[in-house]
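# Results of the structural survey
What follows is the residue order along each chain.
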Amino acid sequence: LHKEYRRQRQMCIRDRGFSDQVMGLVKSLRTDAPDCVASGVVDMSTGMLLSYETVENHPPEVLDLLAGATLDLFQGRTVVMIEDVFKERRGISSDNHFFQEILVNSENLTHLFVRLVEQQDVVAVVVCRKSVNVGMLFAQVRRVVKEYSL
């Protein structure tokens, strides 16, 4: 029964527009990630937070900074330089990025940033209580992101 539900959910996801898919991804991350207090999707090509859900109200400036911080984590100048050095040394000419997932622990929260496989410029962001089981967090977020390959 669970497999049939997931199959039907994936078919519905594919039929929706990009905006609806992004909102569905954010909602699924928010409900499926353990101890989740916020989720969002960042488009690094525009530097915009496309959609988010949170259990608390946050100032708009903080949400704008989240998009910029995500861009710096994945494609900041130094990160790109490191990727270019490794690509050159390994003889790789691909535009794909090396960093796919980044876990950040702050004093009270755990933040997981995951690039979408099909759209390397789109990153899913999940914020959880620090008590979260990190293994379960990765498993659930990877599953949801895979379902929503935009």
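Above this text sits the structure in question.
The rules behind the values
- Residues numbered from 1 in each chain as written.
- Predicted model: local features only at pLDDT ≥ 70, side-chain atom pairs only at ≥ 80, totals over all residues.
- Heavy atoms only, no water.
- Helix = DSSP H or I, 4+ residues; strand = E, 2+ residues; numbered from the N terminus.
- Salt bridge = Lys/Arg side-chain N within 4 Å of Asp/Glu carboxyl O.
- Buried < 20%, exposed > 50% of the residue type's maximum accessible area, 1.4 Å probe, protein only.
- Patch = residues over 30% accessible without salt bridge, like charges linked within 9 Å, V, L, I, M, F, W, Y side chains within 5 Å.
- Areas by Shrake-Rupley, 256 points an atom, 1.4 Å probe, with all protein chains shown as cover.

### Observations concerning the environment of Asp84
Looking at the secondary structure, you find Asp84 in helix α4 (residues 77-90). Between the C-alpha atoms of Asp84 and His97, which are 13 residues apart in sequence, the distance is 9.5 Å.

### Overview of the pattern of salt bridges
Tallied over the entire structure, the rule returns 3 salt bridges. With its nearest N and O atoms 2.7 Å apart, the salt bridge here joins Arg142 to Glu101. Placement of Arg142 in helix α5 (residues 134-147) and of Glu101 in strand β3 (residues 101-105) is noted, with a sequence separation of 41 residues between them. Taking the relative accessible area as the measure of exposure, Arg142 reaches 44% and is therefore partly exposed. Salt bridges sharing partners connect three or more residues here, namely Asp32, Arg143 and Glu147.

### Overview of a nonpolar patch on the surface
A surface patch of nonpolar side chains, amounting to about 270 Å² of accessible area, comprises Phe18, Met48 and Leu50. For Leu50, the position within the fold is in strand β2 (residues 48-54). The class for Leu50 is partly exposed, based on a relative accessible area of 32%.

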